[in-house]
Amino acid sequence: MVLNTLSRTFLRILSGAGLVGVFTLAVGCEGIEEPKSFLDPSQVGRIKHEPLVVPILSRLSTGTDEEEAQFANSRDVTEADMLATASDYSVSPNDVLSVSISDLLGPNTVSDRTIRVTQTGRISLPLLQQPIKVEGQTEQQVETAIKDAYRDAQILQNAQISVSVLEARGRTYSVLGAVGAPGLYAIYDTDFRLLDALVTARDVSSAVGTETIYVIRKNKAKADNAAPEAPKANPGVDPLAPQSKATVLPRKSVMLQDGQAPAGGIVTVDGKEMVINKPTAATQDAAVEAKPMPDAPAGKFEFNSLKEPDDREVIKVPYQALKSGQLKYNIVILPGDLIFVPGPVAGEYYMGGNVQAPGAYSLAARKITLTQAIVAARGLNDVAWPSRTEIVRRLPGDKQVFVRVDLDKIFAGEQPDLYLKPDDRINVGTNVIAPFLAAFRNGFRLTYGFGFLYDRNYAPRNNGN
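A short tour of the structure in this document, coming up. Note that the structure is predicted; figures quoted are calculated from it, not measured. (Residues numbered from 1 in each chain as written. Predicted model: local features only at pLDDT ≥ 70, side-chain atom pairs only at ≥ 80, totals over all residues. Heavy atoms only, no water.)

### Digging into the overall build of the chain
For step 1, the next point in the chain: Scanning the chain from N- to C-terminus turns up nine helices and 22 strands.
For step 2, the next point in the chain: Within the span of the chain, comprising 465 residues, buried residues form 31% of the whole.
For step 3, the next point in the chain: When contacts within the chain are restricted to residue pairs at least 6 apart in sequence, long-range pairs at least 24 apart make up 63% of them.
For step 4, the next point in the chain: As displayed, the chain offers around 31700 Å² of accessible surface, 54% of which is attributable to carbon and sulfur atoms. (Helix = DSSP H or I, 4+ residues; strand = E, 2+ residues; numbered from the N terminus. Buried < 20%, exposed > 50% of the residue type's maximum accessible area, 1.4 Å probe, protein only. Contact = heavy atoms within 4.5 Å. Areas by Shrake-Rupley, 256 points an atom, 1.4 Å probe, with all protein chains shown as cover.)

Structure (structure tokens):
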């Protein structure tokens, strides 16, 4: 009985000292940089007055071959993308033209024809033997070319020609991805911009989760430089200069000193005799036999890796900024552009380890950070150790990378937060002393006022009491 009384008194003194220590560690004192308690490492966060701006990462800093989400080689919007140039439309392949020719079939008659431009940029007209090149010309220039063709063929000396473009295939753009009506659309104005294109395609399917719009455009400068030049018939020789004439003479029967007759004939070029078809040393020696080519070393056959086309460029437009009214991103849409609207990110991430609610969580078509995922899992449990948190992320080629992060520093703003990706797995670990700290914390309970109770479950067992 006396022993039980002494032990309870000692535990009360110890609990009173523990209360002071817990209060000191929990509240902290002025000048201490670390505000959270050592007894409860699962309590994370930053309790300071001054504001702090920390970036949010999209990739893990591991040095691995983790791929970018989309279009890693895309560029930002520039001032040149905002300029609209007014010009007449130039005929392109597969366009449909309406051609009206007067007096072709007779006096005071008009011949109307609907003609589609060939893939090589030509059209064929009645009574003309050769097609006319019209690609790259305006409507007025095509009228002049047709008039000249009939005059040169001595069919019509002064024909009245009228040309109009009915279907301008070269003045179109395409919309693909998460929009209301993807497809091919016509450009009706030189000052046609991205917002106009989105209105035509009935806007994006989901404004929530759509962060970026990509415009794939043909780089005209690189395409022109990559075009092959026409081969020259005789480089370095003037085709108009008089050519030398060669006269072949009968073969002379002259014996050489070694008893061999000369192979080949003799020609006279500009008054000079020359031997043609003179055999080489390799052909003179009949005893030399052709050796077979050595076999190629046996190995695994592999196709060459595909290369990215260098005549295309990708413009990255922030959709949320454009939607909020920042018209500096409302770029001009040019003929041949492809507008790609990526769909919202869909998938699941998995919370495991020492969190209150482990399981699979949906990304819900929006970007979720690591700290938001911890809050969604109802925080950490009593034995969690934030500095022992691990992220497992999938890599291309059926691989995965394990990265250790410090939740304590991320919540405190000492390290940047990061966005999660589909199939990410977060595992919050523990420490060997974490259960003992949790048991010590749970052994005492605060009451209202200044009372402090001792949990009898931790008292020495006494069958008599």
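There is more to say, and it comes next.
### Thoughts on the sheet that holds strand E14 (residues 338-341)
For step 1, the next point in the chain: As summarised here, the arrangement of the five strands in space is E8-E7-E14-E9-E13, forming an open sheet in which the pairing is mixed. Of all the strands in the sheet, just strand E8 (183-186) and strand E13 (312-318) have a single pairing partner and so form its edges. Strand-to-strand twist of the sheet, defined as the mean angle between neighbouring strand axes without regard to direction, takes the value 25°. (Pairing = 2+ DSSP bridges. Axes fitted to C-alpha atoms, helices over the stretch in contact; angles between N-to-C directions.)

### Digging into helix H9 (residues 434-442)
A turn of α-helix holds 3.6 residues, and therefore any two residues three or four places apart point the same way.
For step 1, the next point in the chain: Listed in full, the buried residues belonging to H9 are Ala434, Leu437, Ala438 and Arg441. In a view along the axis of H9, the buried residues occupy a sector of 100°, so they form one face of it. (Arc of directions from axis to C-beta.)

### With respect to the sheet that holds strand E6 (residues 161-167)
For step 1, the next point in the chain: The antiparallel open sheet is built from three strands, whose spatial order is E3-E2-E6. Unpaired on one side and paired on the other, strand E3 (110-116) and E6 mark the two borders of the sheet. Geometrically, the sheet is characterised by an average inter-axis angle of 20° between neighbouring strands, direction not taken into account.
For step 2, the next point in the chain: Relative to the sheet, helix H2 (residues 139-152) contacts strand E2 (96-102) and E6, its axis offset from that of E6 by approximately 135°.

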